[in-house]
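Architecture at a glance
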Amino acid sequence: MFKKITAMCLAALLTALLASCGTAPNDGNEGKLTVIVSFNAMYEFASAVGQDKVSVSTMVPDGMEAHDFEPKAQDIAALSTAAVFVYSGLGMEPWAEDAISSAANKNLIVVEASEGVEVIAISEEHRDEAESDTETEAHAHGDYDPHTWLSLKAAQIEVENIKNALVKADPEDAAFYEKNAADYIAKLEALYETYAGKMNGLSEKNFVTGHAAFAYLCRDFGLVQTSVADVFAEGEPSARQLGELVEFCKANGIATIFAEALASPEVSKTLADEVGAQVKAIYTMENAEGGLTYLERMESNLKEIYESLAG
Ligand SMILES: [Zn+2]
């Protein structure tokens, strides 16, 4: 009896010591699948599918512009012991390949969630502009628009891909992941259906936003985005470009300018003042954005876009 208690005390002491070193095994995550994701939308999808059987951590810290992120040594160290790594792909995480090879984790299951989504190419004009600015950046980003997760249709493919990876990593719980994925996909589809009819009835299709993140959302609903910053949230508009935006807004009767917390909100405000429009929040899901879920933020985006166009 005494021996047993001593052993328990020692174990408790050891746990406390380990905890003080920041490597506590006793953090409530024992037995859970360790999943690392690149940024917030991937966190939302992986958590929806994995729920309490996974421990998901996000590489891009809250408050950091996701397009500017570079992994640090601790991110690589985390990847080296993780079971699953989820990234969206198409140039959203130009660092992903190097990070995976640096982690040298032969058991790591890697999922590029956008795989299978019908891609949207970045326009010639846009690419030329980017290349004349910073050629290497343009090449690192690739030729496609990476913002697939902002489409409720493409998001369903991403969830499916993530589910397949979790099933591969933890086949015993396959039925659990399958059911969660199916439930979540049904919610994504229901939200799509709700807005497909509404958007279809609009005569005005143009909206103006902070950075050009909404091409896939636009494709779903037949809308057109014009933006203050480019696809990779780089560069504020020149005086000439701002002038063109002002003209565009006036010509199209734009009454709302959407702004994101991390992509040139000041420029959006300047533009709005210039044309007498109001500024409304729009979410890109690249960051946690006030602790709202993906579905809450997507519903807010669609409601605000719809209301701004319905006038
Ligand atoms: Zn973006």
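Scoring rules and cut-offs
Residue numbering note: each chain is counted from 1, following its sequence as written. Local features are withheld for residues below a pLDDT of 70 in this predicted model, meaning they are given only at 70 or higher, and side-chain atom pairs are given and counted only at 80 or more; totals for whole chains, interfaces and linings count all residues. Working from all heavy atoms in the structure, the side-chain values ignore hydrogens and water. The buried label applies to any residue whose accessible area, calculated with a 1.4 Å probe on protein chains only, is under 20% of its type's maximum; exposed applies above 50%, and partly exposed to all values in between. In DSSP terms, a helix is any run of H or I states spanning at least four residues, a strand is any run of E spanning at least two, and both are numbered starting from the N terminus. As used here, the arc is the angular range of directions from the helix axis to the C-beta atoms. Between two residues, a contact is recorded if the distance between any of their heavy atoms is within 4.5 Å. Sites may look incomplete because water is not among the atoms; the donors themselves are N, O and S atoms within 2.8 Å of the metal, or within 3.2 Å for Na, K and Ca. Just to be clear on the cut-offs, tetrahedral is four donors with all angles between 85 and 135 degrees, square planar is four donors and octahedral six with opposite donors over 155 degrees apart and all others between 65 and 115, and anything else goes down as irregular. Strands qualify as paired when DSSP identifies two bridges or more between them. Here is how to tell: hold the view so the strands point away, follow the path from the first strand over the helix to the second, and if it runs clockwise the crossover is right-handed. Orientation is described by axes fitted as lines to C-alpha atoms, over the contacting stretch for helices, and by angles from 0 to 180 degrees between their N-to-C directions.

Comments concerning helix α4 (residues 96-103)
What α4 keeps buried is the set A96, A99 and A103. End-on view of α4: buried residues confined to an arc of 65°, all on one side of the axis. Turned more than 90 degrees away from the buried face of α4 sit E97, D98 and S101, all of them exposed. Next to the buried residues of α4 lie α3 (73-81) and β3 (84-87). Looking one or two residues beyond α4, the residue adopting positive phi is A104, at roughly 45°.

Some details on the coordination of the zinc ion
Protein coordination at the zinc ion: the donors are H67 (NE2), H147 (NE2), H211 (NE2) and E286 (OE), at 1.9 to 2.2 Å from the metal. Its four donor atoms give the zinc ion angles of 98 to 124° at the centre, a pattern that matches the tetrahedral case. When the donor residues of the zinc ion are listed from N- to C-terminus, their spacing reads H-x79-H-x63-H-x74-E. Linking H67 in the loop between β2 (54-58) and α3 with H211 in strand β5 (residues 206-211), this pair joins segments that are 144 residues apart in sequence. Accessibility assignment for this pair places H67 and H211 in one class, buried.

Re helix α2 (residues 40-50)
Within α2, nine of the 11 residues are buried, which leaves it mostly tucked inside the rest of the structure. Turning to α2, its buried residues are N40, A41, M42, E44, F45, A46, A48, V49 and G50. For α2, the secondary structure elements touched by its buried residues are β1 (33-37), β2, β3, α7 (152-169), α8 (174-200) and α12 (294-310). Two residues or fewer past α2, Q51 is found with a positive phi of approximately 45°.

Some remarks on the pairing of β3
Along β3, one buried face is formed by V84 and V86 and the opposite face, lined by F85 and Y87, is buried too. As paired elements, β1 and β3 share three bridges and run parallel to each other. Looking across to β3, one finds that V35 is bridged to V84. Sheet topology note: the β3/strand β4 (residues 109-112) ladder contains four bridges and is parallel. Paired with F85 across the two strands is V110, which belongs to β4. Tracing the backbone out of β3, into α4 and back to the parallel element β4 gives a crossover that is right-handed.

Overview of the sheet that holds β4
An order of β2-β1-β3-β4 is seen for the four strands of this open sheet, with the pairing classed as parallel. Looking along the sheet, the strands with just one partner apiece sit at the ends: β2 and β4. In this sheet, adjacent strand axes meet at a mean angle of 20° when their direction is disregarded.

Considerations on unusual backbone geometry
The backbone of A104 sits at a positive phi, close to 45°, despite the residue not being glycine. Relative to the helices and strands, A104 resides in the loop between α4 and β4. For A104, a relative accessible area of 65% puts it in the exposed group. In the Ramachandran plot, E289 falls in the positive-phi region, its phi being about 50° despite a non-glycine side chain. Relative to the assigned elements, E289 resides in the loop between β8 (278-281) and α12.

Without other data, these values stay purely geometric and don't point to any function.
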